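Examining the three-dimensional arrangement
The lines below spell out each chain.
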Amino acid sequence: MTESVEPHGTAALLVDSRGRYLLHLRDANKNICDPGTWSIPGGGREGEETAARAVERELLEETGLMVPLEPFTIVGCHGPGPDGQDGPAEGLIQVYLGAWDGDADELPCPEGIMFRHFDAATIPFLTMCPWTTEVIELHQARGLAPAVPAQARPGGRARRNIVGAHLYLERDGQVLLGLRHPDSAFAASTHHFLAGHCEQESAVACLVREAQEEAGLGIDPGDVELVHVVHLVDGPGGRPRIQLVFRARRWQGTPQVREPDRCLSWGWWPADELPEPVVPYTRAAVEGIRAGRLYTELGWA
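What counts, and where the lines are drawn
- Residues numbered from 1 in each chain as written.
- Predicted model: local features only at pLDDT ≥ 70, side-chain atom pairs only at ≥ 80, totals over all residues.
- Heavy atoms only, no water.
- Helix = DSSP H or I, 4+ residues; strand = E, 2+ residues; numbered from the N terminus.
- Expected span 1.5 Å × (residues − 1).
- Buried < 20%, exposed > 50% of the residue type's maximum accessible area, 1.4 Å probe, protein only.
- 1 Å grid on protein atoms, 1.4 Å probe; cavity = no way out; pocket = protein on both sides within 12 Å on 5 of 7 lines; lining within 4 Å.
- Points joined across faces, edges and corners; volume = space filled by probe spheres on them.
- Nonpolar A, V, L, I, M, F, W, Y, C, P; charged D, E, K, R; others polar.
- Core = buried A, V, L, I, M, F, W, Y, C linked by side-chain atoms within 4.5 Å.

Comments concerning helix H1 (residues 51-63)
- In this model, H1 (13 residues) spans 18 Å end to end at C-alpha, consistent with the 18 Å of a helix rising 1.5 Å per residue.
- Buried within H1 are the following residues: Ala51, Ala54, Val55, Arg57, Glu58, Leu59, Leu60, Glu62 and Thr63.
- Where H1 ends, the next residue or the one after it, Gly64, has phi of about 80°, a positive value.

Here's what the structure looks like:
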């Protein structure tokens, strides 16, 4: 059998419509390639998969994204040597180019520290992975125009949806909402449901956990019912989200601020006179519940 000549490593250079690059801050103090530097998502091929298939898998695993990618360049890299020792281990990375216009702060980050967008002028001031710097400099030297993300369309490629679980508590015609911290990455200084992203758990289990962690409320899963679903996207190319809103018929405790870095206060607000500002899909969900509707779509063209 002829051995594949494709590089073992793969990576995806994603550029938004403003010409900014999506970078990933790698873990420091670990025996990995280029620890503690800003790089681009990617990883090695597994088994007999092609480089193209590998980069699609790695991008999905690291960011949850599925975007069209085209081969861009091949660069050399250096990594840890055998037996955990730094050494002259060398390899090649096939880099692919794609476009994405979403919010880096909302990406999952199962590996490394965080994702951020940076323009070319900022790159020299970052602690960069050497081969990633080389890739970005090549992209700049070729004078390529900012990427235009593909429009979302029916029948397109599969895309993972982020699933959120939200608590709808109503007392005497008033709804419980929290005022989010001004430094919050999402909805800063804005009113919102008690909510959280589903992890390796059911949506109801997520709701029960978040209610206890965020507000000290005890909720029996048997007292929970689904009352509204919002399927939304922030814009073309953005990450789709399914927001499940559950009503708890009974609960134990009084809402308390248990995570002051995320929520400043809890308050009861008339369902027909919500405070400003409020997260748009929160308002849409409350209005849908009051109207007896189960489903709302937002942001889809």
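More follows now that the structure is in view.
Examining the layout of surface pockets
- Considering only enclosed or pocket space, the largest pocket measures out at about 1,400 Å³ in volume.
- Of all the elements in the fold, those that place two or more residues in the lining of the largest pocket are H1, strand E8 (162-168), strand E10 (174-180), strand E12 (194-197), helix H3 (203-215), strand E14 (241-248), strand E15 (263-270) and helix H4 (280-291).
- When residues of the lining of the largest pocket are assigned to their parent elements, the largest contribution, four residues, is made by E12.
- Here the lining of the largest pocket is built from residues that sort into 21 nonpolar, 11 polar and 15 charged.

A short note on the nonpolar core
- By size, the foremost hydrophobic cluster in this structure holds 21 residues, and its most contacted members are Leu13, Leu23, Val95 and Trp131.
- For this core, the secondary structure elements donating two or more residues are strand E1 (9-15), strand E2 (21-25), strand E5 (69-80), strand E6 (86-99) and helix H2 (130-141).
- Counting residues in each nonpolar core, the second largest holds 20 residues, with Ala215, Leu244, Cys263 and Trp268 among its members.

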